[in-house]
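# Coordinate inspection notes
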Amino acid sequence: MTDCIFCKIISGEIPSTTVYEDDQVKAFLDITQVTPGHTLVVPKKHVVDIFEYDEELAQAVFSRIPKIARALKNFDPRVKGVNIVNNNGEVAYQSVFHSHIHLLPRYTKEDGFKMTFTDNSKDYDSQALQAIATKISEQIKD
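These figures come from a predicted structure and were not determined experimentally.

## Some thoughts on unusual backbone geometry
One non-glycine residue with positive phi stands out, namely Gln33, at about 45 degrees. Take Gln33: its relative accessible area is 28%, and that puts it in the partly exposed class. One non-glycine residue, Tyr93, lies in positive phi territory at about 75 degrees. Take Tyr93: it is sitting in the loop between strand E4 (81–85) and strand E5 (101–106). Given the relative accessible area of 70%, Tyr93 is considered exposed.

Given below as structure tokens:
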């Protein structure tokens, strides 16, 4: 894809600070550095989002996440954890439409990164949950 910023980073047209690279994946520091060490893991094959992954690509990308996450946890003794975030679609905060996974080292609860999960459990009894689960299950394809 000629106008994709991540494809240009992968090809070397745009410089990046590489953390890890092999024949299928490139991991580089995000220029925003939400927290120090904020890394993006990107498949070298251009796919827009998780919905375009096949099993082979998913295996290639996701199998590299643990070793990169361990490196992030170990590079600074102040790192207490790592958030792994993947946004798919504009409504889900995806801003670059080449699939990428954010690895965010976490130092403290006040380190500049925050996620909010709303508790809507009062709106769902077991029957409502089962109805949702059934509809989702029916859509799973091999």
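There is more to say after this.
## Re the sheet that holds E5
To summarise the sheet geometry, strands pair through backbone hydrogen bonds and adopt either a parallel or an antiparallel arrangement. Ordered by their spatial adjacency, 5 strands build an open sheet running E1-E2-E3-E5-E4, and the pairing between neighbours is antiparallel. Strand pairing shows two members of the sheet lacking a second neighbour, strand E1 (18–21) and E4, which therefore form its edges. For this sheet, the mean angle separating the axes of adjacent strands, direction not counted, is 20 degrees. Here 3 bridges tie E1 to strand E2 (residues 25–29), and the two strands are oriented antiparallel to one another.

## Topic: helix H2 (residues 55–62)
Buried within H2 we find Leu57, Ala60 and Val61. Each buried residue of H2 sits inside an arc of 90 degrees when the element is viewed along its axis, so together they form one side. Looking at H2, the residues exposed on the side facing more than 90 degrees away from the buried face are Glu55 and Gln59. Those residues of H2 that are buried lie in contact with E2, strand E3 (39–43), helix H3 (65–75) and E5. The backbone nitrogen of Glu56 has a side-chain oxygen 3.2 Å away, supplied by the residue at the start of H2, namely Asp54.

## Overview of the pattern of salt bridges
Summed over all chains, the structure comprises 5 salt bridges. Across the salt bridge formed by Asp22 and Arg64, the nearest N and O atoms sit 2.7 Å from each other. On the criterion of sequence distance, the pair formed by Asp22 in the loop between E1 and E2 and Arg64 in the loop between H2 and H3 is long-range, its members being 42 residues apart. Each member of the pair, Asp22 together with Arg64, is buried. The salt bridge partner of Arg78 is Asp76, with a shortest N-O separation of 2.7 Å. Connected via shared salt-bridge partners are Glu21, Lys26 and Lys44.

## Side note on a nonpolar patch on the surface
Nonpolar side chains collect at one region of the surface, where Tyr124, Leu129, Ile132, Ile136 and Ile140 lie side by side and expose about 500 Å² of accessible area between them. Its location among the elements puts Ile136 in helix H4 (residues 126–139).

## Here we look at the nonpolar core
Ranked by internal contacts, the top residues of the largest apolar core, which has 13 residues, are Val41, Val61, Ile101 and Leu103. Contributing elements (two or more residues each) for this core: E2, H2, H3 and E5. In terms of residue count, the dominant contributor to this core is H3 (4 residues). One finds Cys7, Ile9, Ile10 and Val42 within the second-largest nonpolar core, a separate group that totals 8 residues.

## Let's talk about the pairing of E3
For E3, a buried count of 5 out of 5 residues is recorded, marking the element as mostly surrounded by other parts of the structure. Of the two faces of E3, the one lined by Thr39, Val41 and Pro43 and the one lined by Leu40 and Val42 are each fully buried. Here E2 pairs with E3 via 5 bridges, running antiparallel. Counterpart to Leu29 in the pairing with E3 is Thr39.

Conventions we followed
- Residues numbered from 1 in each chain as written.
- Predicted model: local features only at pLDDT ≥ 70, side-chain atom pairs only at ≥ 80, totals over all residues.
- Heavy atoms only, no water.
- Buried < 20%, exposed > 50% of the residue type's maximum accessible area, 1.4 Å probe, protein only.
- Helix = DSSP H or I, 4+ residues; strand = E, 2+ residues; numbered from the N terminus.
- Pairing = 2+ DSSP bridges.
- Axes fitted to C-alpha atoms, helices over the stretch in contact; angles between N-to-C directions.
- Arc of directions from axis to C-beta.
- Contact = heavy atoms within 4.5 Å.
- Polar contact = N/O pair within 3.5 Å; in protein donor to acceptor, adjacent residues only side chain to side chain.
- Salt bridge = Lys/Arg side-chain N within 4 Å of Asp/Glu carboxyl O.
- Patch = residues over 30% accessible without salt bridge, like charges linked within 9 Å, V, L, I, M, F, W, Y side chains within 5 Å.
- Areas by Shrake-Rupley, 256 points an atom, 1.4 Å probe, with all protein chains shown as cover.
- Core = buried A, V, L, I, M, F, W, Y, C linked by side-chain atoms within 4.5 Å.

Scope: geometric values only; no functional claims are made or implied.
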